[in-house]
Amino acid sequence: MTGGVTRAGRWRPFILPVLLGVAATLAGVALAGASGRLIARAALRPEVFLSLTLLVTLVRALGVGRAGLRYAERLTGHAAALKAGEAQRAALFDRVARFGRDLLARERSGDLLSRSGADLDARQFAALRVTLPLLGFAGATLLAGGWLLSLDAGLGLSVLGPLLLAAALPGLARTWAAALAREEAHLAREHGAALLDALSASADGAARLWGPRLAHLSAGLRRVTQAQGRLQTGLTLGREALFALSFTLVLTRGLTLVESGALGGAWLAAVVLLAAASFDALTPLALVPGAHAAAQAARERDDELAAVQPAVTEPRDPASVPDGPLPLALEGVRVTRGGRDPLRDVTLHLPAGARVAVTGPSGAGKSTLLGLISRDLDPTAGRVTLGGTDLRALALADLRARLSLHEQDAPLLDGTVEENLRLGGPHAPPERLRELLDDLGLEDLTLDTWVGEGGTRLSGGQRARVSLARALLKPADVLLLDEPTAHLDPDTEARVLRVIHRECAGRSLLLVTHRPAPLALADQVYRLQDGHLHPLPAASTHRKVI
Ligand SMILES: Nc1ncnc2c1ncn2[C@@H]1O[C@H](COP(=O)(O)OP(=O)(O)OP(=O)(O)O)[C@@H](O)[C@H]1O
C-alpha cells in the first residue's frame, strides 16, 4: 500500500533491529551458560580463580553486551517501525483524501478512525512482534540444543523436547487467539462508532438511547479481554509446567552423567542455567499468534479499501487549464443518486463573470449541482465543462484551484478562526482578515478564537460566516456559494449580501438558496424542480437589499 515501496523495501529497515534482537537473546543464553560454568568452577577450586580470567571477561562482556544489544535493538527497531508507520500513514491519508466524503459516507468515521489507528500499529510493529521473537527463539534453540546434544543426547532431548512443545503451545491456540483478536477489533470499532454517535447526539437526549447498546458492547469487550487473559494464563501455566519438567529431566540426567564421570561437575551448573535461559526466549513467543493475526487482518482490510473505487478519479494525462476567467457549463446533465435522478436533463451556462442563482425545493438537487462542478461526483450522463474542457479531463487540484466553495453545512477545521481563514487566503494580511470578519458582522470574533471540531464552538450563523469569509478570501475565478445566508437575521443577511456583492467583482458566481434575498445578487435566476432548471424572471425586485 505504500505507493511503490516493495515488500522487500518495507522489510529492509527491520533487518538490523531483528539481528540485534536475536544477538541479544543469544547473548542471554550464552551468558547463563558461561556464568554457571564460572560460578561452579570458582566454587570448586577457588585457588585457580586467576586462571578463570577469560571466563570472567566473557561473562562480563556477555552481560554488558546483552544489555547494549537489547538497547540498540529497541532504538533501531522503534525508529524503523515509526518510519514505516510514517509512510503507511501518508499512504492512508492519500487514499482517504482521494475518497473524500465518499469514504465517510461509506464507512462510519469512528470505525475508520479506530480501525486505521489499530491497523497501522499492527502493521508497523509486525516485524518486531512476530519475526524477532521467532528468530530469537530459533537461534536460542539451535545454540542451547546443539551444545547439549553434543554433550549428551539425553541432555539435549531433555531440553529440546519440552522446549519445542512449549513453543508449539501458542501455535496450537492460534485459531482461538485469532478469533478473539478479530472479535475484539470488531467490538472496539462498533464501540468507537457508537460512542461518537452518542456524543454528537448528546444534546437532545438521543444519546441515552445508545446507553444499552454501549453497555452491551462494553460487556462484550470485557468478556473478550477476560477470555484473552484466560488464554494467556493457560499458555503461561503450560510453559511453566514444561519448564519444570525440562529442569527436572536435565538435573536428573546431568547428575547421572556427573556420577558416571561423563560430565565434569563444574559443567552441570552451566547446563542447568543454559536450559533455563532457553526457556526465557519463549516468553515473547506467546504474543506472536495475536500479533500475526492482527497484521494479517490489517493487510486484508487494507486490500479491501484499495479495491474500492472513489466516485471521481484523476485523469491519467490531465488537460491543462488556460489562465484567466473561463466559462462553466453543464450540458444535458443527469445524476443518479440513491436510486433517484435528482438531476435529469440540466443545461446551465455560466459565462466568465456571470452571476447565476438557483433556487428550488429541498432535496431538488441544488447542492448536487455544485458538487458536480467541484467534482465531488460526476454526472451519470452529459458533461460539465470549464473553458470547454470536460472536468473529467482536468487534474482535480487544477480544477479546484479555480473554484471557491462555501458549503451549506460550513464545515470548519479544528483550529483558530485565523487558521481556517488562511486555508482560503494563506497570504492575506491580518488586517484584511479582520476587516472581512467585521464587514460580515463578526466584530466580536477574534482571529485567535478556537472554533472546536467542525466549528462546534461557534453558533451556526458564526460558523457559516467564517466559512463564507474563507471562500471569499480564496483567489478563485468561480465562487460557488451554497446557502450563504443560512441562519442569519434579515439585517445581518443584508450586510453579508453586500460583502458578497463586493467580493464577487470580476469573478463568476453560482449560488444556490431557498431564501429570496440572495437572489438579488444574480443576473439570472433558475428554479430547479423535477430534475430540470426553469428560468425565472430577473431578480430586480430584490436589488434594494444590496
Ligand atoms: N451522498 C449522497 N448519497 C446519496 N444520495 C444523496 C447524497 N447526497 C444527497 N443525496 C440525495 O440527492 C438528492 C439531492 O440532494 P441535494 O442535497 O442536492 O438537495 P438540495 O436541493 O441541495 O436540498 P436542500 O435544499 O435541502 O439542501 C436528495 O434526494 C438526497 O437525498
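Quantities reported herein were computed from a predicted structural model and do not represent experimental measurements.

Enquirer: Whenever I open this one, the overall build of the chain confuses me. Can you help?
Expert: Across its full length, the chain holds 16 helices and ten strands. For the chain, with 546 residues in total, the buried portion stands at 38%. Put simply, of all contacts in the chain between residues at least 6 apart along the chain, 78% involve residues at least 24 apart.

Enquirer: Where do I start with the pairing of strand E6 (residues 403-406) in this structure?
Expert: For a regular strand, side-chain orientation follows a simple rule: the groups alternate between the two sheet faces. The alternating pattern of E6 places Leu-403 and Leu-405 on one face and Ser-404 and His-406 on the opposite face, and all of these are buried. In this structure, E6 lies alongside strand E7 (residues 478-482), joined through four bridges in parallel fashion. Across the sheet, the residue bridging to Leu-405 is Leu-480, located in E7.

Enquirer: What am I meant to see in unusual backbone geometry here?
Expert: Glycine aside, a negative phi is what most residues show, and trans is what most peptide bonds show. Notably, Glu-483 is not glycine yet its phi reads approximately 50 degrees, a positive angle. Secondary-structure assignment places Glu-483 in the loop between E7 and helix H16 (490-503). Positive phi values are uncommon outside glycine, yet His-487 reaches one of about 70 degrees. If you trace the backbone, His-487 turns up in the loop between E7 and H16. Residue classification places His-487 among the partly exposed positions, given that 15 C-beta atoms sit within 10 Å.

Enquirer: When you look at the packing of helix H5 (residues 126-151) against helix H6 (residues 153-172) in this model, what are you seeing that I'm missing?
Expert: Angle between the axes and distance between the axes are the two parameters that describe a pair of packed helices. Two elements in contact, H5 and H6, have axes whose closest approach is 6 Å; the angle formed by their N-to-C orientations is 160 degrees. Looking at the two axes, H5 sits roughly antiparallel to H6. Contacts between H5 and H6 involve Phe-137, Thr-141, Ala-144, Gly-145, Leu-148, Leu-149 and Leu-151 on the former and, on the latter, Ala-153, Leu-155, Gly-156, Val-159, Leu-160, Leu-163 and Ala-167. Partitioned by chemical class, the residues of the contact of H5 with H6 number eleven nonpolar, three polar and no charged.

Enquirer: Hey, could you run me through the pairing of strand E1 (residues 328-337) in this one?
Expert: Judged from the six bridges that link them, E1 and strand E2 (residues 340-350) form a sheet pairing that is antiparallel. When the sheet's bridge partners are listed, Arg-337 is paired in E2 with Arg-340. Where E1 folds back onto E2 in an antiparallel hairpin, the turn is made up of two residues, including Gly-338, whose phi is positive at roughly 55 degrees.

Enquirer: Which parts of the structure should I look at to understand the UniProt feature "transmembrane region" (unreviewed entry) in the chain?
Expert: In the UniProt entry, the feature "transmembrane region" (unreviewed entry) is given for residues 48-69, 130-149, 155-173 and 264-288. Secondary structure within residues 130-149 divides into 100% helix and 0% strand; the distance between the first and last C-alpha atoms comes to 28 Å. Between the C-alpha atoms that bound residues 264-288 there is a distance of 39 Å. The span itself is 68% helix and 0% strand.

Enquirer: I would appreciate a short explanation of the confidence of the model for the chain in the present structure.
Expert: A low pLDDT score tells you not to read the predicted coordinates there in detail. Averaged over the chain, the pLDDT score is 84; the fraction of residues at 70 or greater is 90%. This prediction of the complex comes with two scores: 0.65 for pTM and 0.95 for ipTM.

Enquirer: Sorry if this is basic, but what is going on with the sheet that holds E2 here?
Expert: Sheet architecture is open: four strands sit in the order E2-E1-E4-E5, paired in antiparallel fashion. If you trace the sheet from one side to the other, it starts and ends with E2 and strand E5 (389-390), each paired once. Sheet topology note: the strand E4 (residues 381-386)/E5 ladder contains two bridges and is antiparallel. Pairing of Leu-386 across the sheet is with Thr-389, part of E5. Sheet strands touched by helix H11 (residues 366-373): E1, E2 and E4. Its angle to E1, the strand with the most contacts, is close to 120 degrees.

Enquirer: What am I meant to see in the site of the ligand here?
Expert: The local shell around the ligand holds 14 residues, among which Arg-337, Ser-362, Lys-366, Ser-367 and Thr-368 are the closest. Among the elements of the structure, E2 and H11 are those that each provide at least two residues to the shell around the ligand. Taken together, the residues that form the shell around the ligand break down as three nonpolar, eight polar and three charged.

Enquirer: Whenever I open this one, the packing of H6 against helix H9 (residues 265-280) confuses me. Can you help?
Expert: It is the contact of H6 with H9, at a shortest axis distance of 10 Å, that shows an interaxial angle of 15 degrees. Classed by the angle they form, the pair H6 and H9 counts as roughly parallel. Between H6 and H9 lies a crossing of right-handed hand. Facing H6, whose interface residues are Leu-155, Val-159 and Leu-163, H9 presents Val-271, Ala-275, Ser-278 and Phe-279. Broken down by class, the residue content of the contact of H6 with H9 amounts to six nonpolar, one polar and no charged.

Enquirer: Looking at this structure, I do not really get the sheet that holds E6. What am I missing?
Expert: As a general point, the strands of a sheet are linked pairwise by backbone hydrogen bonds and lie either parallel or antiparallel. Pairing is mixed in the open sheet, where six strands are placed in the order E6-E7-E8-E3-E9-E10. Single-partner strands in this sheet number two, and they are E6 and strand E10 (532-536). Across the sheet, the axes of successive neighbouring strands diverge by a mean angle of 20 degrees, strand direction being ignored. Pairing between strand E3 (residues 355-359) and strand E9 (residues 524-529): four bridges, direction parallel.

What counts and how
- Residues numbered from 1 in each chain as written.
- Predicted model: local features only at pLDDT ≥ 70, side-chain atom pairs only at ≥ 80, totals over all residues.
- Helix = DSSP H or I, 4+ residues; strand = E, 2+ residues; numbered from the N terminus.
- Buried ≥ 20, exposed ≤ 12 C-beta atoms within 10 Å, placed from the backbone.
- Contact = placed C-beta atoms within 7 Å.
- Pairing = 2+ DSSP bridges.
- Axes fitted to C-alpha atoms, helices over the stretch in contact; angles between N-to-C directions.
- Parallel < 35°, antiparallel > 145°, perpendicular 65-115°, else oblique.
- Nonpolar A, V, L, I, M, F, W, Y, C, P; charged D, E, K, R; others polar.
- UniProt positions renumbered as here; feature names shortened; annotations may be inferred.
- pLDDT = per-residue confidence, 0-100.
- Near = placed C-beta within 6 Å.
- Left-handed = near helix turned anticlockwise from the far one by under 90°.

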